[in-house]
Amino acid sequence: MTEKRYLKWYNKVGYGSGDIAGNVVYAFLSSFVMIYLTNTVGLNPGIVGTLIAVSKLLDGVTDIFFGSLIDKTHSKMGKARPWMLYGYIGCAITLVAIFAIPTNLGQFAQYAWFLIAYTLLNAVFYTANNIAYSALTALVTKNSAEQVEMGSYRFMFAFATSLLIQSITLGAVTALGGGAAGWRTVAIIYAIIGLLVNTLSVFSVKELPEGELVDTTDKKEIEQDEKYNLVQAAKLLAGNKYYMMICGTYILQQIYGAMISMGTYYATYILGNQNLFGVFSWAVNIPLIIALVFTPTLVAKWNGMYKLNVMSYTLATISRALVAVAGYMGSGNVTLMLLFTAIAALGQGPWQGDMNAVIAACSEYTWLTKHKRVDGTMYSCTSLGVKLGGGLGTAITGWLLAASHFDSSLAVQPESCISMLKIMYLVIPFALDAIITFILSRLKVEEVNEQLRAAMDN
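Summary of the structure given here. (Residues numbered from 1 in each chain as written. Predicted model: local features only at pLDDT ≥ 70, side-chain atom pairs only at ≥ 80, totals over all residues. Heavy atoms only, no water.)

Comments concerning the overall build of the chain
Looking only at helices and strands, the chain has 20 helices and zero strands in total. Taken over C-alpha atoms, the radius of gyration comes to 22 Å for the chain, in line with the 23 Å a tight globule of 458 residues would show. Considered along the principal axes of its C-alpha atoms, the chain spans approximately 70 × 45 × 40 Å. Looking at the 458 residues of the chain, the share that counts as buried comes to 59%. Of the roughly 18,400 Å² of accessible surface on the chain, 66% is carried by carbon and sulfur atoms. Side-chain charges in the chain split into 29 positive and 26 negative, and the spacing between the mean points of these groups amounts to 2 Å. (Helix = DSSP H or I, 4+ residues; strand = E, 2+ residues; numbered from the N terminus. Rg over C-alpha atoms; globule rule 2.2 N^0.38 Å. Buried < 20%, exposed > 50% of the residue type's maximum accessible area, 1.4 Å probe, protein only. Areas by Shrake-Rupley, 256 points an atom, 1.4 Å probe, with all protein chains shown as cover. Lys, Arg positive; Asp, Glu negative; His and termini not counted. Charge placed at Lys NZ, Arg CZ, Asp CG, Glu CD.)

Written out as structure tokens, the structure is:
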């Protein structure tokens, strides 16, 4: 039987454009916050890394909190869309605040300013917006093929936005006066763009009536389940091994992204040309977008997501190993590094496209085993992964830079720093890809759900 389809092409494109808004925050922050803080504000990377780690401890519970709030929300706009709409206003304000640290403040006050703005952005506003955005995948359609398509559109916009931001930001900062004023102006421009696009995305889709999302016979049980508290929600998530696998994978991916963002330092201090960071961004993001175009077709052809994800990430792991080999060739073979970087990105693409659909299957697993519908809470893994992984990754880069005696006042860094930059940009990303591939090889939630449904039918 052919599954009912719920969305037009413009609904999927409109939904996907929401990741433009998400990435004018995330890509801008993850790629440039450290170099802004060290080379413009003059802060110590080790202290910045520690503050980011402290921030992660402060916002550790907000993912489940906002996920459960979304599950319990009933409004004319639905469950998730109000949180997506209003959460982004705070994202825009705090993003500008992070890149507008007054240069005339004392250094202690500058650290405090950064910690407060960074924590508010991650713990409150980005959490509410991102979980709601991700949860819409399960709230606007019940068609698994459409969920994969939504994920593909979403990450096409995400990677295109990342590519653009990583390619033009340094030049834009210089063109707008450079220094602290240049960074502040760029942040304001990105925040305004994000507000406009996020609003467009919110109103491009409409959530299904709650009665259509679940069987009428299950509605009373679900209403009762909405009374669960944070501890019970945490137990539900922890008891779903597939949620834990997805969450772990998401965290590792964000740490991977933080290491790749060290390309700003790698290009500047090892390759001798900071503009090469933009070239490597093209080698990453264009193949990712190409892979996303074909992901829905490949999922349909291979009758599911499991085999595609494992095989494609295996290709990514091998390719990242070859990037490392090329990087350690003398002063580094840039041509080979670019080639294998592109192949690795091509292998990472399918998982990005079907990840939201896998999370929906993970939520279905909780329903089949615990008889509790917790879609919003289940999608907390997206925000949790971004915050913990991205924050931990950025903190680690700060600690490693400090440990290697990085000095922003030097045009030529000490050999200890050069060696550390190679480890961060070449070796660690390969190791992370290898671990992700292993986790994905165990993520057989689709197969298990089929078995559970068959057992219920019998």
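Comments concerning helix α12 (residues 241–260)
With 20 residues, α12 ought to run about 28 Å at 1.5 Å a step, and its terminal C-alpha atoms sit 29 Å apart, in line with that. Counting buried positions along α12 yields 16 of 20 residues, so the element is predominantly enclosed. Sitting at the amino-terminal end of α12 is N240, which places a side-chain oxygen 3.0 Å from the backbone nitrogen of Y242. (Expected span 1.5 Å × (residues − 1). Polar contact = N/O pair within 3.5 Å; in protein donor to acceptor, adjacent residues only side chain to side chain.)

Notes on helix α4 (residues 62–72)
Because an α-helix completes one turn every 3.6 residues, residues spaced three or four positions apart along the sequence face the same direction. Counting buried positions along α4 gives eight out of 11 residues, so the element sits mostly inside the fold. Looking at α4, one finds that the buried residues are T62, D63, I64, F66, G67, S68, I70 and D71.

Digging into the nonpolar core
In terms of nonpolar packing, the biggest core is built from 112 residues, with F28, L37, I98, F99, F114, W183 and Y265 touching the most fellow members. The dominant element in this core, judged by the number of residues it contributes, is helix α2 (residues 18–41), at 14 residues. Excluding residues within four positions of it along the chain, F28 makes contact with N23, V33, L95, F99, I165, T169, W183, V186, A187 and Y190. Counting residues in hydrophobic clusters, the runner-up holds 19 residues, among them I70, M77, L85 and V202. (Core = buried A, V, L, I, M, F, W, Y, C linked by side-chain atoms within 4.5 Å. Contact = heavy atoms within 4.5 Å.)

A look at the packing of helix α1 (residues 9–16) against helix α7 (residues 144–175)
In the contact formed by α1 and α7, the axes pass within 7 Å of each other and the chain directions differ by 45 degrees. Taken together, the axes of α1 and α7 are oblique relative to one another. Here α1 runs over α7; the crossing is right-handed. Where α1 approaches α7, its residues K12, V13, Y15 and G16 are matched on the opposing element by E149, M150, Y153, R154 and F157. Of the residues belonging to the contact of α1 with α7, the class tally is five nonpolar, one polar and three charged. (Axes fitted to C-alpha atoms, helices over the stretch in contact; angles between N-to-C directions. Parallel < 35°, antiparallel > 145°, perpendicular 65-115°, else oblique. Left-handed = near helix turned anticlockwise from the far one by under 90°. Nonpolar A, V, L, I, M, F, W, Y, C, P; charged D, E, K, R; others polar.)

Observations concerning the pattern of salt bridges
Applying the stated rule across the entire model yields four salt bridges. As a salt-bridge pair, R5 and E149 come within 2.8 Å of each other at their nearest N and O atoms. Here R5, found in the segment before α1, pairs with E149, found in helix α7; they are 144 residues apart in sequence, far enough to count as distant. You can call R5 partly exposed: its relative accessible area is 43%. Note on E149: relative accessible area 18%, which makes it buried. One salt-bridge network, in which partners are shared between bridges, spans R5, K12, E146 and E149. (Salt bridge = Lys/Arg side-chain N within 4 Å of Asp/Glu carboxyl O.)

Overview of the environment of L176
Along the chain, the position of L176 falls in the loop between α7 and α8 (179–202). The partly exposed category is assigned to L176, whose relative accessible area is 38%. Through-space distance from the C-alpha of L176 to that of P414 is 31 Å; in sequence the pair is 238 residues apart. Those residues in contact with L176 that sit more than four places away from it in its chain are G182, T185, V186 and I189.

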